[in-house]
Amino acid sequence: MAKVEEIKNSKEEEVKQPLNTAKKEALGWMEWLRGWFYLVFEMLFQRISASHLHNPMPLPPINDLTCIVTGSTSGIGREIARQLAESGAHVIMAVRNTKNAQELIRKWQEDWSGKGLPLNIEVMELDLLSLDSVARFAEAWNARLAPLHVLINNAGIFSIGEPQKFSKDGYEEHMQVNHLAPAMLSILLLPSLIRGSPSRIINVNSTMHYVGFVDPEDMNVVSGKRKYTSVVGYGGSKLAQIMFSSVLHKRLPAEAGISVVCVTPGIVLTNVARDLPQFLQVGYRLIPYFIFNADEGSRSTLFAATDPQISEYCEMLKADDWPVCAYISHDCRPTNASEEAHNVETSYKVWEKTLDLVGLPLDSVERLIEGEEIKCRYGNSQE
């Protein structure tokens, strides 16, 4: 595990990108090319750069942790939930398909039989394509008055090559599932995260954010200023997630004891391949040496969720007034987010627009920190 001083040195060695506050309508060509270079470089060399990591990731004692993991019936989310539970954590699988989750738990309990106490794991329904579902989930969990130590926003979609789709809430599906719904969930669960302090919000991000761009006034990509593609939708949603997380990181006072971290799992062979054209699926599976499996792809998230140095690293970034929240790479080392992620002005606009879209007041964080209640236009507490 990296020590804080090593993390600090790594951060200082990163090339600090200049802030870009000018009004932009798209990434510049150099930024776009640089982003694709990072993607190709990560795919070709991720296994080498992560060769120092054990597989599976050894975890510290976490018997006292309660963790919510979204999207935990497949891919890296399934591995994250299973490994946390096997290490002693109380795990809540927040999923759309509760039947599949219950079947997984039965299998895991059978496999774990004789190795220790039964796994402390349960299922709660959560559909990120419904903001009502997000609000109801948060209301149900907060009503327990139980501490929450780790929220892992893992669930996401990348509908490669698909036409633009919108949720019943009226938002572009990538933007809602990958950013709006997790952002809403993070805010609404702050009371429980405060009870669990020191606690963490872990957002599973992607190197694809390097080719992403966000227009706060056109988050649905419907104005016609940019042509929609699945890459535009996905990359923009992941960039928006980092921007929102960075502002949340700044607005949470140190005494709240809540760390905000984004991680990239690397290029991972998961169910995203099912959305690829058939000929690309074949190619995707012909390069297993370069592509992580789900177990390997879970390591950076497990590291961010459990390593004792992470909270100190986040505090250090806050003290340094670093413009971006902690960003952990696939090799469990701190890395620098994209140049566009450092755009502080746009990040605050994304923050304000996001809260507006999910029906939360702009001072939600401050009021929740003070122990006040807030109204949301979704869920059972809607006005």
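Just so it is clear, the structure is predicted and the values come from calculations on it, not from any experiment.

Draft legend 1. Region of interest: helix α6 (residues 173-188). Of all the bends in α6, the largest measures some 30° and sits at Leu180, one to four residues before the proline Pro182. With 16 of 16 residues buried, α6 lies mostly within the body of the structure.

Draft legend 2. Seen up close, the pairing of strand β5 (residues 199-204). Within β5, six of the six residues are buried, which leaves the element mostly enclosed by the surrounding structure. Neither face of β5 is exposed, since Ser199, Ile201 and Asn203 on one face and Arg200, Ile202 and Val204 on the opposite face are all buried. In this structure, strand β4 (residues 150-153) lies alongside β5, joined through four bridges in parallel fashion. Looking across to β5, one finds that Ile152 is bridged to Ile202. Regarding the hand of the β-α-β motif, the stretch spanning β5, helix α8 (residues 230-251) and strand β6 (residues 258-263) is right-handed.

Draft legend 3. Broad picture of the packing of α8 against helix α13 (residues 344-357). Running from N to C, α8 and α13 point in directions that differ by 95°, and their axes come no closer than 8 Å. Between α8 and α13, the crossing angle belongs to the class labelled roughly perpendicular. Contacts from Ala240, Met243, Phe244, Val247, Leu248, Lys250 and Arg251 in α8 reach Thr346, Ser347, Tyr348, Val350, Trp351, Thr354 and Leu355 in α13. Grouping the constituent residues of the contact of α8 with α13 by class yields nine nonpolar, three polar and two charged.

Draft legend 4. Summary view of α13. Here α13 is 14 residues long and its end C-alpha atoms lie 20 Å apart, about the 20 Å a rise of 1.5 Å per residue gives. Within α13, burial applies to Thr346, Ser347, Val350, Trp351, Thr354, Leu355 and Leu357. Buried residues along α13 cover an arc of 165° about the axis, so they all sit on one side. Check the buried side of α13 and you find it contacts α5 (131-142), α6, α8 and α14 (364-369). Residue Gly359 follows α13 closely and has a positive phi angle near 75°.

Draft legend 5. Representation of the layout of surface pockets. A volume near 580 Å³ is recorded for the second largest pocket. Lining the second largest pocket are 30 residues; nearest its centre among them are Tyr38, Phe41, Tyr210, Thr335 and Asn336. For the lining of the second largest pocket, the element with the highest residue contribution is helix α2 (residues 29-49), accounting for nine residues. Looking at the lining of the second largest pocket residue by residue, the classes come out as ten nonpolar, twelve polar and eight charged.

Draft legend 6. Molecular detail of the nonpolar core. Leu84, Met93, Met184, Ile187 and Leu189 are the most contacted members of the largest nonpolar core, which has 106 residues in total. In terms of residue count, α6 provides more of this core than any other element does, nine residues in total. Core analysis: the next-biggest nonpolar cluster, separate from the first, contains five residues, Leu39, Phe158, Val211 and Tyr234 among them.

Draft legend 7. Unusual backbone geometry, seen in detail. Omega for the bond connecting Asn55 with Pro56 falls within 30 degrees of zero, at 5°, which places this linkage in the cis form. Relative to the helices and strands, Pro56 resides in the loop between α2 and β1 (66-70). Omega for the bond connecting Ser197 with Pro198 falls within 30 degrees of zero, at 0°, which places this linkage in the cis form. Turning to its location among the elements, Pro198 is positioned in the loop between α7 (190-195) and β5. In the Ramachandran plot, Val221 falls in the positive-phi region, its phi being about 55° despite a non-glycine side chain.

Draft legend 8. Summary view of the sheet that holds strand β3 (residues 121-125). Strand order in the open sheet formed by seven strands is β3-β2-β1-β4-β5-β6-β7, with parallel pairing between adjacent strands. A single partner strand is all that each edge strand has here, and the edge strands are β3 and β7 (326-328). With direction set aside, neighbouring strand axes in the sheet form an average angle of 20°. With three bridges joining them, β6 and β7 adopt parallel strand pairing. Pairing of Val263 across the sheet is with Ile328, part of β7.

Conventions we followed
Residues numbered from 1 in each chain as written. Predicted model: local features only at pLDDT ≥ 70, side-chain atom pairs only at ≥ 80, totals over all residues. Heavy atoms only, no water. Bend = angle between axes of the 7 residues up to and from the residue. Helix = DSSP H or I, 4+ residues; strand = E, 2+ residues; numbered from the N terminus. Buried < 20%, exposed > 50% of the residue type's maximum accessible area, 1.4 Å probe, protein only. Pairing = 2+ DSSP bridges. Right-handed = clockwise from strand over helix to strand, strands pointing away. Axes fitted to C-alpha atoms, helices over the stretch in contact; angles between N-to-C directions. Parallel < 35°, antiparallel > 145°, perpendicular 65-115°, else oblique. Contact = heavy atoms within 4.5 Å. Nonpolar A, V, L, I, M, F, W, Y, C, P; charged D, E, K, R; others polar. Expected span 1.5 Å × (residues − 1). Arc of directions from axis to C-beta. 1 Å grid on protein atoms, 1.4 Å probe; cavity = no way out; pocket = protein on both sides within 12 Å on 5 of 7 lines; lining within 4 Å. Points joined across faces, edges and corners; volume = space filled by probe spheres on them. Core = buried A, V, L, I, M, F, W, Y, C linked by side-chain atoms within 4.5 Å.

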